[in-house]
Amino acid sequence: MAQIRQALSRIAEATRSHLTAAGLGLLVTLPLPALAQTQPATLMADQVFVDSAGRLVAQGAVEIWHGSIRLTAQRVSFDQRQDWLDIAGPITLSNGPDQVVLADAAQLAPSLRAGIITGARVVLEQQMQISAARIERGTNGISQMDAVIASSCPVCASNPTPLWEIRAQRVRHDEANGRLEFERAQFRFAGVPVFYAPRLDLPAPGVTRARGLLRPEVSLDSRLGLSIGLPYFMPLGDSQDLTLTPRASTNGMVSLGFRWRMARQNGGIELGGQISHDNIVTDPLRGYGYVRALFSLGNRWTLTADLLAASDRAYLETYNIADDARLHGHATLERITRDQAVRLRLLGFYSLRPADVNDRLPNAVTEASLRQHHGIGGGDLTVDLGARAFWRQSSTDGIAGRDVARAHLALGWRRSVIMAGGIVATGALEGRIDHVRVSDDSTYPDPVNRRVLQGMVELRWPLARISDSGVRHVIEPVVQVIGAQRRGGALPNDDHTMPELDAGNLFALTRYSGEDAPDDGSRINAGLRWARHDPSGWTSETLIGRIWRRETLAGFDPLHEQPLGGASSDWLLAGRLSNSDGLSLTGRLLLDPSDAGLRRAETNLAWHWDRTRLSTTYLYLPASSFEDRIVDLAEWSVDVTRRFDSGWATTVGWDYDFGQNIFAAARTGLTFSNECLSLDMTLARHFVTATNPSASTRFDLRIELLGIGGRAPSTGGRTCRT
């Protein structure tokens, strides 16, 4: 032992090292000349000695640490004259969790960053495994691997063939740029060669901004045929990027999609779109574009924008970009604080319905609003100041060309107190003044001034009871008495022509989202709530209510076609049933009190259990000339998803119109996901509807190799079992 310590002392003196004892092993700290002198390496082994050639030899559970690098081996010898480490395996060389190398033998520089490794297997970002007969690591961060097999799929003893793999004669790994360059690469699926490439350049695992091709986009459409898109991603510095997606189809369609993004510390902006040439319409070029932006301007001001425009009505549906019946966009500048909200907005609308004439619709809107809250008299005082204007392209006199500009001032005060017996009493006052200018419509004078004053008293009496089994019941009768008075002429109703009655607005002081037709007039809102909470996990809620007015509500003609139009509203019956096992059932019914007829019906059932999900919705609306609906609307929508242990999942769904006895859409899909592969197939059939003038069938296929680039492998799917 004395001889070893004397030899180590001589080596330590030559290399400016020192030696300490660590349990039954030895711990040696060596400043390595290849790196900075202030970052020493640490070696620990069961046995350390100096052989006859003057080499320091460590064997038995050898571990070496140097910065973030950790090496374990069976035997390591260090020759100071050659400045080289001879390492015998099994070897594990790791640089944090991002890179792990398993090998049989190696010759490395003292920095552990350069040298030759044989019989190696590299694991990058805990995702991709690369097996190589030989690895040559350079000091510049570039490794060259020979006779390579790369895959992110697990390789089991019972099934040694991965689902997919890339075999190559040589691979160059550029750690600084995050690239894997394969030479004479062969891609295999389930062991079967699929294609060959003399050179294949891929991003390394964990790299999210590498220049190159992205996942191909494959679709089969009854109008476009088989189409293939190849997105190409180009980073433009650290804060910008551009993606170009050329597409072509068997029906002669060619298109170019683009997306440009820019990020800043206070927000970002995205511009995109697509230009296409096809034979579906007579126009030689078609396309669409969009803008999305979000910026924080300081002092809690934010600027947001979301705009979408298309060259024609059918383009977005044809290319499966959007299926909305109306396009809407906005640019908004706003500031939201605890007691104040300020908003400036520009809005645009464009209808895609064939029957709509956009020149006769209020497609351009500007608005400004200020809402301020103050605590006064134990209640909340709200000050609302705003202005709005909208235009139609048409100059025809009447509703087809009417333009309206409005300014308003509203004050509201509300306070709640708890009285004896647990009765909750609420009082509210609201006053509003509107000044409206109307042009291109001689039916209304210009200007129109309107003043509305409302006062409300509300009483709620929640009653609770708990049964011996622990079931809790809560019954709450609610009564609102509202007195209202209006002065001035009637305003044109453009911003809310389809008012609804539901559980959310039965007891609202005003139940309109718009401002043209206020819910004024003296009235009584009454209802009864009942809730039941079972310790087993079941919860049910029910609400029944109605509105009684002193006189019919102006602006609804004919009155009997609207649930809110008469002197008394329809009966509202709403409920919800749910349990802790994933079942949720909601429903809403509006019943006409005159003939007990059904005026509205809406139900939704969602059930999530085990690996199956079910969602179904039924909606019924009768024909109404007031709401511009000439036929009954009865739609049934169903979506079912089932997942399997093998990683497969299937979906099926449809939209059916009972009013016309036709399917609006039918869809099905199949997905698969495991540790190294993601597969998504969808098939959709769209039938002729009010917003879709022609039927179409579309098939989409998306395949992604996980573990390449920024997307990590899935945690589900196949795993090795012993």
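Residues numbered from 1 in each chain as written. Predicted model: local features only at pLDDT ≥ 70, side-chain atom pairs only at ≥ 80, totals over all residues. Heavy atoms only, no water.

Undergrad: Requested: an account of the state of the cysteines, with residues and values cited.
TA: Counted under the stated rule, the structure contains 1 disulfide. The disulfide bridge from Cys153 ends at Cys676, spanning 1.9 Å between sulfur atoms. On the sign convention where negative is left-handed, the bridge of Cys153 and Cys676, at about 95 degrees about the S-S bond, is right-handed. On the criterion of sequence distance, the pair formed by Cys153 in the loop between β11 (142-151) and β12 (164-174) and Cys676 in the loop between β41 (662-673) and β42 (677-686) is long-range, its members being 523 residues apart. The residues Cys153 and Cys676 share a single accessibility class, namely buried. (Disulfide = S-S within 2.5 Å. Helix = DSSP H or I, 4+ residues; strand = E, 2+ residues; numbered from the N terminus. Buried < 20%, exposed > 50% of the residue type's maximum accessible area, 1.4 Å probe, protein only.)

Undergrad: Describe empty space enclosed by the protein, with residues and values.
TA: Tallying each qualifying case throughout the model produces 4 cavities of 30 Å³ or more. Here the second largest cavity is characterised by a volume of approximately 50 Å³. Around the second largest cavity, the lining residues are Ile69, Leu93, Ser94, Asn95, Gln99, Val101, Leu112 and Arg137. Contributions of two or more residues to the lining of the second largest cavity are made by β7 (84-95) and β8 (99-108). Here the lining of the second largest cavity gets 3 residues from one element, more than from any other, and that element is β7. Across the lining of the second largest cavity, the residue classes tally to 4 nonpolar, 3 polar and 1 charged. (1 Å grid on protein atoms, 1.4 Å probe; cavity = no way out; pocket = protein on both sides within 12 Å on 5 of 7 lines; lining within 4 Å. Points joined across faces, edges and corners; volume = space filled by probe spheres on them. Nonpolar A, V, L, I, M, F, W, Y, C, P; charged D, E, K, R; others polar.)

Undergrad: An account of the environment of Trp391 is needed here, citing residue identities and associated values.
TA: Within the secondary structure, Trp391 sits in strand β27 (residues 379-391). In the structure, Trp391 is positioned 28 residues away from Asn363 in sequence and 6.7 Å away in space, judged by C-alpha atoms. Excluding residues that lie within four positions of it along the chain, Trp391 makes contacts with Leu361, Pro362, Asn363, Ala364, Thr366 and Asp403. (Contact = heavy atoms within 4.5 Å.)

Undergrad: Quick one: what's the story with the side chain of Ser94, residue by residue and with numbers?
TA: On the secondary structure map, Ser94 appears in strand β7. Looking at Ser94, the relative accessible area reads 15%, which means it is buried.

Undergrad: Before we move on, can you summarise the nonpolar core with the specific residues and values?
TA: One finds Leu71, Ile87, Ile117, Ile130 and Phe182 to be the most contacted residues of the largest nonpolar core, which totals 45 residues. If one sorts the elements of this core by residue count, strand β6 (residues 69-79) sits on top with 5 residues. If sequence neighbours within four positions are ignored, Ile117 has contacts with Leu93, Val101, Ala103, Ala105, Ala106, Leu108, Ala133, Arg134, Ile135 and Arg137. Residues Leu501, Leu564, Leu572 and Leu590 belong to the second largest nonpolar core, which totals 12 residues. (Core = buried A, V, L, I, M, F, W, Y, C linked by side-chain atoms within 4.5 Å.)

Undergrad: Tell me about unusual backbone geometry, residues and numbers included.
TA: A cis geometry characterises the amide bond from Asp446 onward to Pro447, with omega recorded as 5 degrees. Topologically, Pro447 is positioned in the loop between β29 (424-439) and β30 (448-460). Its identity is not glycine, yet Arg300 carries a phi of approximately 70 degrees, on the positive side. Within the element layout of this structure, Arg300 appears in the loop between β22 (286-298) and β23 (301-310). Here Arg300 falls in the exposed class, since its relative accessible area comes to 57%.

Undergrad: Before we move on, could you go through the packing of aromatic side chains and cite the residues and values that matter?
TA: Applying the stated criterion to the full structure yields 14 aromatic pairs. With a centroid separation of 5.8 Å and 85 degrees between ring planes, the pair formed by Trp548 and Trp571 is classed as edge-to-face. Placement of the pair is Trp548 in strand β34 (residues 539-549) and Trp571 in strand β35 (residues 571-578), with a sequence separation of 23 residues. One aromatic cluster in this structure is built from Tyr618, Trp636, Trp654, Tyr656, Phe658, Phe663 and Phe687. Note that Arg460 overlies the ring of Phe507, its terminal NZ or CZ placed 5.5 Å from the centroid. (Phe/Tyr/Trp six-rings, centres within 6.5 Å; stacked < 30°, edge-to-face > 60°. Lys NZ or Arg CZ within 6 Å of the ring centre and 35° of its normal.)

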